[in-house]
Amino acid sequence: MTTSQDSAPTNGADAPRALVVGVPAETLDGERRVALTPAVVPALVKMGADVVVESGAGVPAGFPDADYEAKGARIGSRDDVWSAPVVAQVRVVGGDPGSPDLEKVWAGQVIVGTAAPLANPAVTQAVAERGATLYALEMLPRTTRAQSMDVLSSQANIAGYRAVLTAAAHLPKVFPLLTTAAGTLPPARVFIVGAGVAGLSAIATARRLGAVVEAYDVRAAAAEEVKSLGARFVEFDLDTGQEGSGSGAYATKMTDEQIAKQQELMAAVVAKADVVITTAQVQGAKAPVLVTESMVRGMSPGSVVVDLAAEQGGNVEPSVAGEVVQVDGVTVIGPANVNSDAAHHSSLVYAKNVQNFLALILKDGQVTHDDGDDLVAGSVVAKGGSIVNERVKGALGEGVTS
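Cut-offs applied
Residue indices follow the written sequence of each chain, beginning from 1 at its first position. Residues qualify for local features only when their pLDDT is at least 70, as the model is predicted, and side-chain atom pairs are given and counted only at 80 or more; totals for whole chains, interfaces and linings, by contrast, use all residues. The side-chain quantities take in all heavy atoms of the structure and omit both hydrogens and water. Helix numbering and strand numbering both begin at the N terminus, where a helix is a DSSP run of H or I of at least 4 residues and a strand a DSSP run of E of at least 2. Just to be clear, the radius of gyration here is over C-alpha atoms, and the globule rule we use is 2.2 Å times residues to the power 0.38. Burial classification: accessible surface area is computed with a 1.4 Å probe over protein chains only, and a residue below 20% of its type maximum counts as buried, one above 50% as exposed, and the rest as partly exposed. We call two residues in contact whenever any of their non-hydrogen atoms come within 4.5 Å of each other. Accessible surface area values rest on a Shrake-Rupley calculation with a 1.4 Å probe, where residue burial reflects the displayed protein chains alone. Charge assignment: positive for Lys and Arg, negative for Asp and Glu; neither His nor the chain ends contribute. Where a charge sits is defined by one atom per residue type, namely NZ (Lys), CZ (Arg), CG (Asp) or CD (Glu). In this analysis an axis means a line fitted to C-alpha atoms, helices contributing only their contacting stretch, and an angle means the value between N-to-C directions, from 0 to 180 degrees. Each angle is binned into one of four classes, with values under 35 degrees roughly parallel, values over 145 roughly antiparallel, values of 65 to 115 roughly perpendicular, and all other values oblique. We call a crossing left-handed when the near helix sits turned anticlockwise from the far one by less than a right angle, and right-handed when that turn is clockwise. Polar here means any residue outside two lists: the nonpolar Ala, Val, Leu, Ile, Met, Phe, Trp, Tyr, Cys and Pro, and the charged Asp, Glu, Lys and Arg; Gly therefore counts as polar. Think of it this way: DSSP has to see at least two bridges between two strands before they count as a pair. Here a salt bridge means any side-chain nitrogen of Lys or Arg lying within 4 Å of a carboxyl oxygen belonging to Asp or Glu.

Q: I'd like a rundown of the overall build of the protein chain, residues and numbers included.
A: The number of helices and strands found in the protein chain is 12 helices and 20 strands. The C-alpha radius of gyration of the protein chain comes to 23 Å, within 12% of the 21 Å expected for a compact globule of 402 residues. Across its three principal axes, the protein chain shows a C-alpha extent of roughly 75 × 50 × 35 Å. Counting across all 402 residues of the protein chain, residues that qualify as buried make up 52%. Taking as baseline every contact in the protein chain between residues at least 6 positions apart, the subset at least 24 positions apart corresponds to 69%. Element-wise, carbon and sulfur atoms account for 52% of the exposed surface of the protein chain, whose accessible area totals about 16,700 Å². Mean positive and mean negative side-chain charge positions of the protein chain (30 and 44 charges, respectively) differ by 5 Å.

Here it is as structure tokens:
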């Protein structure tokens, strides 16, 4: 175990306490979330930390400065926040390896947040070059103990919910079965591709709205959870190579031949759906294309497709991240940063994840790094001026991925 004391720049009488957690406003365009909310401030104070929040950082998510102050936080400038020995962010340096915030990062500082270290390793490299320690929460091991810190799951849960509402808003039909004096309206048919956290949330939301729901996942173990939510699990005669993956595990990348066969079998199901929502992602790799343009053209005009993987390359061939496109009368939506559209609740759960992680590294008024803790060791990607995670080194071409 290693410990570090505050070596941040100070401002004389206004110098912060030894252990300070800073919360800067997010800089990524359109990002409305905030890394810490007023609700978690008392817990951090109890850990011995002083919390300083950049003025206005929580406002886009519905958390005014006064709410932070009421819970014991200080409001400061961006320089105040970046002088803190621990900085919590949603997107580390805004996901930009050229961010001007990097000039404020100092050796020995600890940054906690999401950094997409496998998909965008340049951010991790830029932080490492400044000598800071970076904990990328996406890299937390997929274990029971890590669930309370799992930002991917907490954000995916909300994303799945929002995807269904987005589809419903664009569909020229209603979701539930309606019996009226003018006749009976059949329920919408919704097909969810991928039954991870986002997919299961989408299934539950579509069912609550009254749709008939079908779902597919390459992991056969997901079938039980799909059925428990009242949806039908679609089974294909296809060897996906995921037999050892439990329902909570990440799917692994399939071969081109497996994906092509999957597309062929899926086409008939897609053609009958009013709404298709895709959620399939492989950590550190481009999202697999599961729904081709020809499959989209085979859907009825007025149908809607929502591709939650659009920012990772897309599960749907015609989807474009951040745009709504029309393909033969079918609306294809590639939402960008869908969690920002539900910034208040997304921030609440994200902040709780961060609070739980900080409890691992803030001990007795100091920042600690316990190499013997699998969660700490698994999530640290940069330390002491170097990249310390082998998978991230591989993504940068510095080593072999594990």
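Let us keep going from here.
Q: Could you give me a rundown of the packing of helix H5 (residues 151–170) against helix H10 (residues 343–361), with the residues and numbers involved?
A: For the pair H5 and H10, the least separation of the axes is 9 Å and the interaxial angle reads 165 degrees. What the angle tells us is that H5 and H10 run roughly antiparallel. The chirality of how H5 crosses H10 is right-handed. Of H10, the residues touching H5 (which contributes Val151, Ser154, Gln155 and Ile158) are His345, Ser346, Val349, Tyr350 and Asn353. Residues that form the contact of H5 with H10 fall into these classes: 4 nonpolar, 5 polar and no charged.

Q: Go over the sheet that holds strand E2 (residues 20–23) with me, naming the residues and quoting the values.
A: Strand order across the open sheet formed by 8 strands is E4-E3-E2-E5-E6-E7-E19-E20, with mixed pairing between neighbours. Looking at the sheet topology across the chains shown, the edges are occupied by strand E4 (74–76) and strand E20 (386–387). Pairing of strand E6 (residues 110–114) with strand E7 (residues 133–136), which is carried by 4 bridges, proceeds in the parallel orientation. Pairing of isoleucine 111 across the sheet is with leucine 134, part of E7.

Q: An account of the pairing of strand E15 (residues 323–327) is needed here, citing residue identities and associated values.
A: Looking at chain direction, E15 and strand E16 (residues 330–334) are connected through 5 bridges and run antiparallel. Across the sheet, the residue bridging to valine 327 is valine 330, located in E16. Here E15 folds back onto E16, and the loop between the two strands holds 2 residues, one of which, aspartate 328, carries a positive phi near 50 degrees.

Q: I'd like to hear about the pattern of salt bridges, residue by residue, with values.
A: Between side chains of opposite charge, a pair can form when the charged atoms approach closely. Applying the stated criterion across every chain, the model contains 16 salt bridges. For glutamate 31, the salt bridge identified is with arginine 33, shortest N-O distance 2.8 Å. With a closest N to O distance of 2.6 Å, aspartate 101 and arginine 78 form a salt bridge. With aspartate 101 in the loop between strand E5 (86–91) and E6 and arginine 78 in helix H3 (residues 78–82), this pair connects stretches of sequence that are 23 residues apart. Among the charged side chains, a salt-bridge network with shared partners connects Glu31, Arg33 and Arg91.

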